[in-house]
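Analysis of the macromolecular model
So you can see what is in the structure, the chains are spelled out below.
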Amino acid sequence: MQGDDAELTTAVLAAQAGDETAFRTVYRSVHPRLLGYVRTLVGDPDAEDVTSEAWLQIARDLDRFDGDADRFRGWAARIARNRALDHIRMRGRRPVIGGDETELSGRAADSDTAGEAMESLATDRTLSLIAQLPQDQAEAVVLRVVVGLDAKTAAETLGKRPGAVRTAAHRGLRRLAELLGADPEATAALDALPPQREPHGPAVTSAGVTHTRSRTQKDM
């Protein structure tokens with residue numbers, strides 16, 4: 001298990017035991033990438049609200065989760081996806097997110113932490129383009145490359161087979177490379193995203209959702 005994964009696993013376990021500081025650590029670790037995923041589904045205007053709803057459910061149901069860091073990211077992504085799809089159904093369609101290749105001329109904001117850097121990169125460099133992909137490709141790319149799920153966990157999140165997710169991610173990344181190819185700086189930004197992850201051990205079952213813990217967004 002990588003160092004960051006070990007730290008997140010430890011923080012999740014402590015948060016389940018009621019450690020509010022640990023829960024804030026979990027939130028800071030996972031939120032930027034989760035927000036990026038939701039943004040590709042619902043668009044900028046609503047992404048913060050939908051992601052906040054997802055975190056409220058994550059906090060409420062955390063006592064029943066069982067698994068390591070990888071499984072937690074997948075579990076959180078499934079909750080966020082369900083909230084996003086509910087939002088889309090209420091609104092009636094997936095939004096067309098503004099942005100095209102011309103946006104790549106801007107530079108990502110300077111960041112002091114890896115999490116802020118990822119959030120800035122995802123927002124300013126690539127997510128507007130990812131959102132223009134077919135939805136299956138957009139979700140596969142974000143879950144595998146931005147959220148950092150392996151193919152098996154991403155497939156569980158989407159209700160698909162791992163091979164289908166790998167194929168969709170490959171096609172999406174190939175299309176992104178075409179869009180970014182005219183701008184070497186933008187291509188370097190795409191290269192800076194973490195590589196697609198593969199399973200590193202036996203899957204751990206994650207469970208759903210009944211117990212309640214009182215946490216609010218201001219505590220995160």
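Note that the structure is predicted; figures quoted are calculated from it, not measured.

Here's the deal with the packing of helix α2 (residues 20–42) against helix α3 (residues 44–61)
Their axes nearest at 9 Å, the elements α2 and α3 cross at an angle of 135°. Here α2 is positioned oblique relative to α3, judged by the angle of their axes. α3 is crossed by α2, and the crossing has right-handed handedness. Along its contact with α2, which presents F23, V26, Y27, V30, H31, L34, L35, V38, R39 and V42, the element α3 presents D44, D46, A47, E48, V50, T51, W55, I58 and A59. In terms of residue class, the contact of α2 with α3 is built from 13 nonpolar, 2 polar and 4 charged.

Let's talk about the confidence of the model for the protein chain
With 65% of its residues at a pLDDT of 70 or more, the protein chain shows a mean pLDDT of 75. When mean pLDDT is compared element by element in the protein chain, α3 scores highest at 94, while helix α9 (residues 184–191) scores lowest at 48. Predicted confidence for residues 96–123 stays below pLDDT 50, and this span has 45 contacts to residues more than four positions away or in other chains. A low-confidence stretch, residues 201–219 (pLDDT under 50), is modelled with 48 contacts involving residues beyond four sequence positions or located in other chains.

Examining the pattern of salt bridges
Inspection of every chain in the model, using the stated rule, returns 10 salt bridges. Across the pair D70 and R73 runs a salt bridge whose closest N-O atoms are separated by 3.0 Å. Of this pair, D70 and R73 both sit in helix α4 (residues 69–91), 3 residues apart, which is roughly one turn of that helix. Looking at D70, the relative accessible area reads 4%, which means it is buried. Given the relative accessible area of 10%, R73 is considered buried. Of the charged contacts in the structure, one is a salt bridge between R175 and E178, with a shortest N-O distance of 3.0 Å. With R175 and E178 both in helix α8 (residues 162–180) and 3 residues apart, this pair spans about one turn of that helix. Of the residues examined, R175 reaches a relative accessible area of 38% and is grouped as partly exposed. When salt bridges that share partners are traced, they join D5, D70 and R73 into one network.

Re α2
Helix geometry: α2 is bent most strongly at H31, by close to 45°, with proline P32 lying one to four residues after it. For α2, the N-terminal capping position is held by D19, with its side-chain oxygen 2.9 Å away from the main-chain nitrogen of T21. Positive backbone phi, at 90°, marks G43, one or two positions downstream of α2.

What counts, and where the lines are drawn
Residues numbered from 1 in each chain as written. Predicted model: local features only at pLDDT ≥ 70, side-chain atom pairs only at ≥ 80, totals over all residues. Heavy atoms only, no water. Axes fitted to C-alpha atoms, helices over the stretch in contact; angles between N-to-C directions. Helix = DSSP H or I, 4+ residues; strand = E, 2+ residues; numbered from the N terminus. Parallel < 35°, antiparallel > 145°, perpendicular 65-115°, else oblique. Left-handed = near helix turned anticlockwise from the far one by under 90°. Contact = heavy atoms within 4.5 Å. Nonpolar A, V, L, I, M, F, W, Y, C, P; charged D, E, K, R; others polar. pLDDT = per-residue confidence, 0-100. Salt bridge = Lys/Arg side-chain N within 4 Å of Asp/Glu carboxyl O. Buried < 20%, exposed > 50% of the residue type's maximum accessible area, 1.4 Å probe, protein only. Bend = angle between axes of the 7 residues up to and from the residue. Polar contact = N/O pair within 3.5 Å; in protein donor to acceptor, adjacent residues only side chain to side chain.

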